[in-house]
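As a plain string of letters, each chain reads:
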Amino acid sequence: METDSEPYVRLTTLRQLHQVMADMNTARSLADTLQTVADGVVNGLGYELACVNLVRPDGDLVVAALAGNSAAEALITGRVGSRDAWDRRLSMGEAWGDLRFIPHTEGWVLDEDDVPQWYTDGPAPRFEDEWHPSDRLFAPMYTPGASGASCGELLGVVSVDRPRNGRRPGAWGREALQMYAFQAAIAINNARLRANMQRALVRLEREQQALRASEESFRQAFEYAPSGMAIAEMGGDQHGRILRTNDALCRLLGRPASAMRRYSFSDLVHPEDIGTLLRTSAEGGRAELRLGRRDGTYVWVSLRNSVVADAADGPRFLLTHVEDIEERKRRELQLAHRASHDALTGLPNSAELRSRLSSRLCQRPQSLPAGAAADSMNAAFGQFGEQGDFGGGHGEFGEHGGAEHAARLPHPSFDDYEAAGHRGHAFDFHRVGGPFDTFDHHVHTVAPEDERDDGTKGLAVLFCDLDGFKSINDRFGHNAGDAVLIEVARRLSRGVRDGDTVARLGGDEFVVLADGLGRADAQDLAVRLRNEIIQPIRVDGRAMRVGASFGIGWAHCGMTADEVLKSADERMYVEKRSRPRQHRRAG
């Protein structure tokens, strides 16, 4: 069954897709690339059959690769279909974005044309969206155009058949297949380009008499490549200095060719990616990193180095291919954000809340032998020195401050989310000792031990349940209820510090994580948030009011995230029952 409304279940498929795309871009030849494209559809996208039809120089399409059925592969591989027949197919049926779906009710007219095809048996569909054995789905591949658009010439067509779940692909499946075809076109185009360039480079070294012709061939391939290309020095004092760039790279970075010759790639790369660049330059290979534009921004690129060597003198220079992958990175980020955040409010969801909470907890109980906790803290500070203040809520969840701002309403920003990095607590290193090893680098989370405020600062967990929300849904409908939830989320986010976390568990339940608070601080925070929530909320010209019940729990090492949330939940119900029903909504 399709579950497009819950993208977090697609993360496994997304990882498989990323691996398949990486394989496409590391294939050694055009033939390997084409077969990798076909295999990727079967292994990464959930279809039982996939066929890659490649446009020949005369315009017709040849079956270049097939995956999923060895009998079909032996039958039709190498066979040719006319361009007219293919143009007819790509103009029939239903347009799903760049995809073309021809249902069995229309596709019977294609049974007798000259396009190589296979036939599958199976029962007639029982449901409206069930796949019929005679259904056809095509993903055209075009040469990359400006700004990553697929607006160039037809490069080939990927034909797919028999989804493993037996259903026609939903929105997510269509988008995945369309993105895959776009990346496959780039990989095939680059494989052709690399083959041409390698042949030109070999001729430059081995055929001195054909030097002028070889240089011209190389120049044409280099200058008119649709993606960025550069030649850099290798070895010596000027190692890495850029000698030559093409127009595509200059446009990508917003720098003229004359200015590019003053730089090396190490001058342009993002500081966090310099290690990746150095490893790639030294070994030759492929890496994904960020390069600086003239306007001060950075763009994600896929960088591939080929070490051009001379048999006698050793390495001569680096031939670098730079592909813009900014849009793919943005989509990856969006998918990751949607998997960890609530779709309605933009707040972290239950899974993300538990992840953040668990990262602060270890198996060490709160009660230790005398001096053990102090020794643990001294070990952490002794290792890292002046790393910053752990008070004021800027510990574990301070690292997520940028992410919290990105999730705030009304419009979550994925750019801010990316800038936040989600790198975790500065002292939260992998444990190598036993569960009660106090001499580690983890700063243990503690909590006040009794009901009085003894000055202990800890991680407060405020469990919030709205009062009177159900009546709003019943009287005014779910749209009004959603508007109330969005406004409550906004008020909660506005009422906490930058380093705190506000999450939505689901329904009308919210949780606030606030570090560095004493008991009195936590109680004051709950009162302030409750006073914010009970203010009238205007929806479609109506003033609506909800109340809020807060339960305050405390997280400490030795507890699990579920135990912490359960404790705060129980305290919330105690607080809710302690107030008369007629006063709950108004506060």
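These numbers were taken from a predicted model, which means no experiment stands behind them.

**Overview of the overall build of the protein chain**
Across its full length, the protein chain carries 21 helices and 18 strands. Per-residue burial for the protein chain yields a buried fraction of 48% across its 587 residues. The long-range share in the protein chain, meaning contacts at least 24 apart out of those at least 6 apart in sequence, stands at 64%. Carbon and sulfur atoms form 48% of the exposed surface of the protein chain, whose accessible area is close to 28,300 Å².

**As for the side chain of Asn473**
Relative to the elements of secondary structure, Asn473 occurs in helix α17 (residues 469-476). Asn473 sits in the buried class, given a relative accessible area of 17%. Each residue touching Asn473, except ones within four places of it in the same chain, is listed here: His478 and Gly481.

**Focus: the packing of aromatic side chains**
Working definition: an aromatic ring pair is given by the centre-to-centre distance plus the angle between the planes. Tallied over the full model, the rule gives three aromatic pairs. Consider the rings of Trp86 and Phe138, whose centres lie 5.5 Å apart with planes at 75°: the pair is edge-to-face. In this pair, Trp86 is assigned in helix α4 (residues 83-89) and Phe138 in strand β6 (residues 136-142), connecting sequence segments 52 residues apart. Taken as a pair, Trp86 and Phe138 share a single burial class, namely buried.

**So, the state of the cysteines**
Counted by the stated rule, this structure contains zero disulfides. Take Cys557: it sits in no disulfide, and the sulfur closest to it among the cysteines is that of Cys362, at 3.5 Å.

**Regarding the sheet that holds strand β2 (residues 61-67)**
With respect to topology, seven strands assemble into an open sheet ordered β3-β2-β1-β7-β6-β5-β4, the strand pairing being antiparallel. Each having just a single partner strand, β3 (80-81) and β4 (94-96) make up the two edges of the open sheet. Helix α2 (residues 30-44) contacts β1 (47-55), β2 and β7 (154-163) of the sheet and is inclined by roughly 150° relative to β1.

**Comments concerning α17**
Every buried residue of α17 is accounted for by Phe469, Ile472 and Asn473. Looking down the long axis of α17, one finds its buried residues gathered within 100° of arc, a one-sided arrangement. Turned more than 90 degrees away from the buried face of α17, the exposed residues are Lys470, Asp474 and Arg475. Lining the buried residues of α17 we find β13 (458-467), α18 (478-494) and β17 (542-544). Two residues or fewer past α17, Gly477 is found with a positive phi of approximately 100°.

**Observations regarding the side chain of His132**
Tracing the sequence through the fold places His132 in the loop between α5 (104-107) and β6. Within the structure, His132 has its side chain in polar contact with the backbone nitrogen of Ser134 (distance 2.9 Å).

**A look at the sheet that holds β13**
If you trace the four strands from one edge of the open sheet to the other, you get β14-β15-β13-β18, paired in antiparallel fashion. Looking at the sheet topology across the chains shown, the edges are occupied by β14 (501-506) and β18 (547-555). Taken over all neighbouring pairs, the strand axes of this sheet differ in orientation by 25° on average, direction set aside. The pairing of β13 with strand β15 (residues 509-517) spans seven bridges and is classified as antiparallel. Note on β15: the bridge partner recorded for Gly458 is Leu517. Against the sheet, helix α13 (residues 350-358) engages β13, β14, β15 and β18, with an angle of about 135° to β14.

**Section: the packing of α17 against α18**
Across the interface, α17 lies against α18 with an axial gap of 7 Å and an inter-helix angle of 145°. Every residue of α18 that contacts α17 at Phe469, Ile472, Asn473 and Phe476 is listed here: His478, Ala480, Gly481, Val484 and Leu485. Each residue belonging to the contact of α17 with α18 can be placed in one class, and the counts come to six nonpolar, three polar and no charged.

**Let's talk about the confidence of the model for the protein chain**
Of all residues in the protein chain, 76% attain a pLDDT of 70 or more, and the chain-wide mean is 78. Every residue in residues 1-6 is under pLDDT 50, and counting partners more than four places away or in other chains gives 12 contacts. Taken together, the stretch residues 368-440 has pLDDT below 50 and engages in 127 contacts with residues farther than four places along the chain or on a different chain.

**Observations concerning the pairing of β6**
Counting buried positions along β6 gives six out of seven residues, so the element sits mostly inside the fold. Relative to β6, strand β5 (residues 99-102) runs antiparallel, the two being bridged by three bridges. Among the inter-strand pairings, Arg100 is bridged to a residue of β6, identified as Phe138.

**Section: the pattern of salt bridges**
Taken as a whole and assessed by the stated rule, the structure comprises 29 salt bridges. Close ionic contact of Arg331 with Glu175 constitutes a salt bridge, the shortest N to O distance being 3.2 Å. With Arg331 in helix α12 (residues 326-340) and Glu175 in helix α6 (residues 171-206), the pair connects residues that are 156 residues apart, well separated along the chain. Judged by relative accessible area, Arg331 falls into the partly exposed class, the value being 30%. Exposure remark for Glu175: the relative accessible area of 34% places this residue in the partly exposed category. A salt bridge links Arg356 to Glu352, with the shortest nitrogen-to-oxygen separation between them at 2.9 Å. Separated by four residues within a single helix, Arg356 and Glu352 lie in helix α13, roughly one turn from each other. Side by side, Arg356 and Glu352 carry an identical accessibility label, which is buried. Within the structure, one salt-bridge network assembled from shared partners comprises Arg286, Glu288, Arg328, Lys329 and Glu332.

**Concerning the environment of Gly553**
Assignment of secondary structure puts Gly553 in strand β18. For Gly553, a relative accessible area of 0% corresponds to the buried category. A sequence separation of 13 residues divides Gly553 from Lys566, and the C-alpha atoms of the two residues are 8.6 Å apart. Those residues in contact with Gly553 that lie beyond four places of it in its chain are Leu459, Ala460, Val461, Ala568 and Arg571.

**Notes on the packing of α18 against helix α19 (residues 519-533)**
Between two packed helices, what matters for the description is the angle formed by their axes and the separation of those axes. Running from N to C, α18 and α19 point in directions that differ by 145°, and their axes come no closer than 9 Å. Considering the relative orientation of α18 and α19, their crossing is right-handed. Contacts from Val488, Arg491, Leu492 and Arg494 of α18 reach α19 at Leu529, Glu532 and Ile533.

**Considerations on the environment of Arg244**
Along the polypeptide, Arg244 turns up in strand β9 (residues 242-245). By relative accessible area, which is 29% here, Arg244 ends up partly exposed. Note: C-alpha distance between Arg244 and Ala232 (12 residues apart in sequence) is 7.1 Å. Every residue in contact with Arg244, bar those within four places of it in the chain, is listed here: Phe218, Arg219, Phe222, Glu223, Met229, Ala230 and Ile231. Looking at Arg244, its side chain comes within polar contact range of the side chain of Glu223, at 3.5 Å.

Rules behind the numbers
Residues numbered from 1 in each chain as written. Predicted model: local features only at pLDDT ≥ 70, side-chain atom pairs only at ≥ 80, totals over all residues. Heavy atoms only, no water. Helix = DSSP H or I, 4+ residues; strand = E, 2+ residues; numbered from the N terminus. Buried < 20%, exposed > 50% of the residue type's maximum accessible area, 1.4 Å probe, protein only. Contact = heavy atoms within 4.5 Å. Areas by Shrake-Rupley, 256 points an atom, 1.4 Å probe, with all protein chains shown as cover. Phe/Tyr/Trp six-rings, centres within 6.5 Å; stacked < 30°, edge-to-face > 60°. Disulfide = S-S within 2.5 Å. Pairing = 2+ DSSP bridges. Axes fitted to C-alpha atoms, helices over the stretch in contact; angles between N-to-C directions. Arc of directions from axis to C-beta. Polar contact = N/O pair within 3.5 Å; in protein donor to acceptor, adjacent residues only side chain to side chain. Nonpolar A, V, L, I, M, F, W, Y, C, P; charged D, E, K, R; others polar. pLDDT = per-residue confidence, 0-100. Salt bridge = Lys/Arg side-chain N within 4 Å of Asp/Glu carboxyl O. Left-handed = near helix turned anticlockwise from the far one by under 90°.

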